[in-house]
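# Overview (structure and organization)
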Amino acid sequence: MTRQRLSLFTPLALLGLLVGLANLGHGSADEDEDYYMQELLTREQYNQVQVLEKPMASIPDRHEHPSQNTAKKVPKGKADSSDITCQTPNSISEEDRQYNLIKEECPPMGLETLKIDDFQLHASTTKRYGLGAHRGRLNIQAGLYEDDLYEGAWCAGRDDPLQWFEVDARRLTKFTGVVTQGRSSLWSSDWVTSYKVMVSNDSHTWVTLKNGTKDLIFSGNREKEIPVRNIFPAPVVARYIRVNPRSWFSSGSICMRVEILGCPLPDPNNYYHRRNEVITTDDLDFRHHSYKEMRQLMKVVNEMCPNITRIYNIGKSHSGLKLYAIEISDNPGEHEVGEPEFRYTAGSHGNEVLGRELLLLLMQFMCMEYLSGNQRIRHLVQQTRIHLLPSVNPDGYEKAFEVGSELSGWSLGRWSNDGIDIHHNFPDLNSILWEAEAKKSRIPRKMFNHHVPIPEWYQSKNASVAVETRALITWMEKMPFVLGGNIQGGELVVTFPYDKTRSHGVTREPTPTPDDHVFRWLAFSYASTHRLMTDANRRVCHKEDFAKEDGTINGASWHTAAGSMNDFSYLHTNCFELSMYVGCDKFPHESDLPEEWENNRESLLVFMEQVHRGIKGVVRDLQGRGISNAIISVEGISHDIRTAADGDYWRLLNPGEYRVTARAEGYSLTSKKCEVGYEMGATRCDFTIIRTNLSRIKEIMEKFNKQPIKLPVRQLQARRSRVRRLGT
């Protein structure tokens with residue numbers, strides 16, 4: 001009986017196994033955990049794809065002129081005779097044209113944005129630790145010196161065609177392309193000129209991408225900085241992907257920076273995906289906007305919230321594009337006495353586009369939340385006049401936008417159309433102030449520690465000053481800004497003045513302002529509420545570990561830079577300005593914008609709220625009239641501010657007790673103690689100052705057009721002669 005049951009069970013078991021295998025072949029790949037079985041199934045899929053698409057060739061994609069894409073002689077690492085090199089855009093076959101209609105492309109997997117951990121990157125060999133696989137990320141920047149701990153690429157330990165760079169996606173992924181760069185270095189010229197691509201599901205058995213029966217060889221880089229993108233003839237599904245260099249620059253070595261284009265397949269059981277997933281609930285326009293689309297979006301926000309928004313422009317760019325700003329306030333278009341003014345600017349470097357999109361998202365968010373009754377947003381709008389300038393350098397942005405997020409590289413679009421770095425194009429007032437302080441015996445009486453005047457040479461037409469910079473200066477002088485932030489990219493850190501080192505010839509040293517404690521708090525308020533900046537476990541973006549400094553740093557401690565917007569704002573106006581570097585990737589892919597918004601949303605709001613920290617008030621005369629341009633001094637802090645046109649002022653201070661003095665020309669000075677608490681909201685500290693006797697006499701004499709003193713000699717002689725004649 002037992003034997004009979006076994007004889008019946010065996011055919012049924014075999015039938016069940018065959019049915020199971022058949023179902024497995026038709027099921028989705030993400031439902032099976034056996035990667036070895038997936039390897040067999042996926043390899044079969046590759047063969048089917050190649051048969052269907054045969055004989056397709058991928059097309060290298062660069063932001064060069066097509067005539068520059070022609071194939072050149074391969075200097076090293078000759079390919080096998082069975083290999084086929086990818087065709088150029090000038091030699092597309094009929095079958096290629098048919099394929100281009102169905103070509104798929106996925107977003108970057110995140111080597112540049114650090115979504116891919118260091119542990120997911122591997123290599124065949126490594127020249128040294130600083131050139132390990134963890135440094136093979138697109139656009140990663142090197143340290144200043146060779147043999148640095150942080151160098152600018154993965155470099156193989158040997159120069160032969162057996163080397164490879166590997167990425168573990170940690171889940172089945174549909175790979176669609178590869179983007180490559182050479183090595184970032186001031187001293188070396190290294191890049192890969194061609195490569196193969198292989199995929200695997202178990203990291204043991206590898207399948208090379210083919211064109212029919214021949215291995216595909218993709219065209220690589222022609223130099224070390226311009227990214228080159230290659231899209232696969234057809235998407236391939238696997239967990240691991242390898243880039244296998246086949247040839248490289250004849251005077252260099254095998255060195256690469258890489259980004260992989262891929263779409264993770266759905267897998268709710270994937271631990272790594274759940275751990276890193278960030279989802280936003282805000283219904284906003286998450287995409288990159290051209291200049292025209294940005295203007296249209298601002299108009300839409302204005303139409304949604306006409307009672308709290310106003311669109312205006314501060315000037316034009318070099319090519320004539322208007323520099324649009326949007327004001328958010330309960331009384332747009334007018335300054336209210338006692339209400340501080342705040343500004344965010346972005347895009348002074350046109351290729352650092354994340355800040356631009358964050359400000360466009362911020363204006364949408366504030367409008368929608370105000371309409372929905374969010375009390376925090378309503379209070380901020382009612383108590384603050386907010387200005388958002390999303391694109392300081394629209395000309396540069398258009399250059400970067402034209403080629404896209406993966407191909408803009410590290411510097412395309414950074415400068416204005418006339419080649420000027422706008423953020424560092426302001427007058428160097430630091431040197432003027434420090435030289436005057438060093439020569440105290442020669443300091444004129446009107447040399448103040450604030451509102452340092454702009455030198456005459458800078459204002460001449462022949463000065464190398466961008467039109468965008470001039471527009472910014474006019475705007476900064478016109479509006480009584482109290483606090484500002486300029487949003488930049490390429491790092492995760494908040495910097496504060498001074499940005500220029502005080503010691504001559506020193507590239508980096510701490511150079512604090514008299515308000516260093518206030519600036520440190522302001523910087524920390526943004527960094528500490530950012531999702532990543534203060535995370536001690538996060539990976540270094542490029543070569544500086546800012547997390548150990550709580551995500552903040554004095555600008556001059558990082559690298560010296562004369563004529564920065566931050567230093568100028570502090571020394572020439574009342575506004576305290578800081579720089580927020582909000583992401584390792586200057587131009588993140590559109591698909592990353594929701595996560596970047598979540599990373600920065602709370603920080604953007606918290607920093608705005610800091611404009612209400614410290615003291616505020618109005619300086620008036622005995623008749624209750626506001627006195628403009630009065631000087632507000634805080635004992636122990638060698639930096640003063642001045643009152644606005646209506647006599648109101650705002651002085652950012654940390655919690656504590658301060659002796660504050662108000663003075664103005666023609667008035668006697670007045671001092672009082674003002675206490676700043678820990679709760680949010682500036683302490684009211686008003687002043688009434690009295691005219692001096694001398695100023696009263698001058699006013700009376702001017703009023704009646706009398707000049708009792710220092711009369712000209714001839715007038716005195718004529719008067720005396722008349723008196724004598726009358727006396728006789």
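This section reports on the structure supplied with the text. Everything numeric in this text was worked out from a predicted model, so none of it was measured.

## A few points about the layout of surface pockets
Looking at the second largest pocket, its volume works out to about 1,200 Å³. As for the second largest pocket, its lining consists of 37 residues, and the residues nearest its centre are Gln141, Ala142, Trp410, Lys543 and His559. Class assignment for the residues of the lining of the second largest pocket results in eleven nonpolar, 17 polar and nine charged.

## Details of the state of the cysteines
In the structure shown here, the tally under the stated rule is five disulfides. Disulfide pairing places Cys155 opposite Cys255 at an S-S distance of 1.9 Å. Across the S-S bond of Cys155 and Cys255 the torsion is about 115°, and the bridge reads as right-handed. Here Cys155, found in strand β4 (residues 154-155), pairs with Cys255, found in strand β11 (residues 255-264); they are 100 residues apart in sequence, far enough to count as distant. A relative accessible area of 0% places Cys155 in the buried class. With its sulfur 1.8 Å from that of its partner, Cys541 forms a disulfide with Cys584.

## Side note on the sheet that holds strand β14 (residues 341-346)
Taken in spatial order, the eight strands make up an open sheet running β12-β13-β15-β14-β16-β19-β17-β18, and their pairing is mixed. Of all the strands in the sheet, the pair left with one neighbour each is β12 (309-316) and β18 (552-554). Sheet twist, expressed as the mean angle between neighbouring strand axes with direction ignored, is 25°. Here β12 pairs with strand β13 (residues 322-328) via six bridges, running antiparallel. Bridging across to β13, Arg310 finds its partner in Glu327. Packed on one face of the sheet, helix α5 (residues 291-304) meets β12 and β13 and runs near 25° to β13.

## Topic: the packing of aromatic side chains
Tallying each qualifying case throughout the model produces 24 aromatic pairs. Put simply, the rings of Trp434, Tyr498, Phe519, Tyr570 and Phe576 pair up and form one aromatic cluster. It is Arg356 that lies over the ring of Tyr397; its NZ or CZ is 3.5 Å from the centre. When the ring centre of Tyr370 is taken as reference, the NZ or CZ atom of Arg378 above it lies at 4.2 Å.

## Focus on the sheet that holds strand β22 (residues 637-642)
Strand pairing within a sheet occurs via backbone hydrogen bonds; the two strands may be parallel or antiparallel. Ordered by their spatial adjacency, four strands build an open sheet running β22-β21-β24-β25, and the pairing between neighbours is antiparallel. Of all strands in the sheet, those with a lone pairing partner are β22 and β25 (670-676), marking the two edges. Each neighbouring strand pair of the sheet contributes to a mean axis angle of 30°, computed without reference to strand direction. Bridge analysis of strand β21 (residues 631-634) against β22 gives three bridges, and the strand direction is antiparallel. The residue bridging Ile632 from the neighbouring strand is Ile641, located in β22.

## A short note on the nonpolar core
Tyr344, Leu362, Met366 and Leu578 are the most contacted members of the largest nonpolar core, which has 92 residues in total. No other element matches helix α6 (residues 354-372), which puts eleven residues into this core. Ignoring any residue separated from it by four or fewer positions in sequence, one finds Leu362 in contact with Tyr344, Leu388, Trp597, Leu604, Leu605 and Met608. Judged by nonpolar contacts, the second largest core, of 30 residues, contains Met109, Phe218, Ala238 and Ile241.

## What about a nonpolar patch on the surface?
Nonpolar side chains collect at one region of the surface, where Leu144, Tyr145, Leu186 and Trp187 lie side by side and expose about 520 Å² of accessible area between them. By the element assignment, Tyr145 lies in the loop between β3 (121-123) and β4.

## Points about helix α12 (residues 516-527)
A turn of α-helix holds 3.6 residues, and therefore any two residues three or four places apart point the same way. Between its terminal C-alpha atoms α12 stretches 16 Å, which fits the 16 Å expected from twelve residues at 1.5 Å a residue. Every buried residue of α12 is listed here: Asp516, Val518, Phe519, Leu522, Ala523, Ser525, Tyr526 and Ala527.

Rules and cut-offs
Residues numbered from 1 in each chain as written. Predicted model: local features only at pLDDT ≥ 70, side-chain atom pairs only at ≥ 80, totals over all residues. Heavy atoms only, no water. 1 Å grid on protein atoms, 1.4 Å probe; cavity = no way out; pocket = protein on both sides within 12 Å on 5 of 7 lines; lining within 4 Å. Points joined across faces, edges and corners; volume = space filled by probe spheres on them. Nonpolar A, V, L, I, M, F, W, Y, C, P; charged D, E, K, R; others polar. Disulfide = S-S within 2.5 Å. Helix = DSSP H or I, 4+ residues; strand = E, 2+ residues; numbered from the N terminus. Buried < 20%, exposed > 50% of the residue type's maximum accessible area, 1.4 Å probe, protein only. Pairing = 2+ DSSP bridges. Axes fitted to C-alpha atoms, helices over the stretch in contact; angles between N-to-C directions. Contact = heavy atoms within 4.5 Å. Phe/Tyr/Trp six-rings, centres within 6.5 Å; stacked < 30°, edge-to-face > 60°. Lys NZ or Arg CZ within 6 Å of the ring centre and 35° of its normal. Core = buried A, V, L, I, M, F, W, Y, C linked by side-chain atoms within 4.5 Å. Patch = residues over 30% accessible without salt bridge, like charges linked within 9 Å, V, L, I, M, F, W, Y side chains within 5 Å. Areas by Shrake-Rupley, 256 points an atom, 1.4 Å probe, with all protein chains shown as cover. Salt bridge = Lys/Arg side-chain N within 4 Å of Asp/Glu carboxyl O. Expected span 1.5 Å × (residues − 1).

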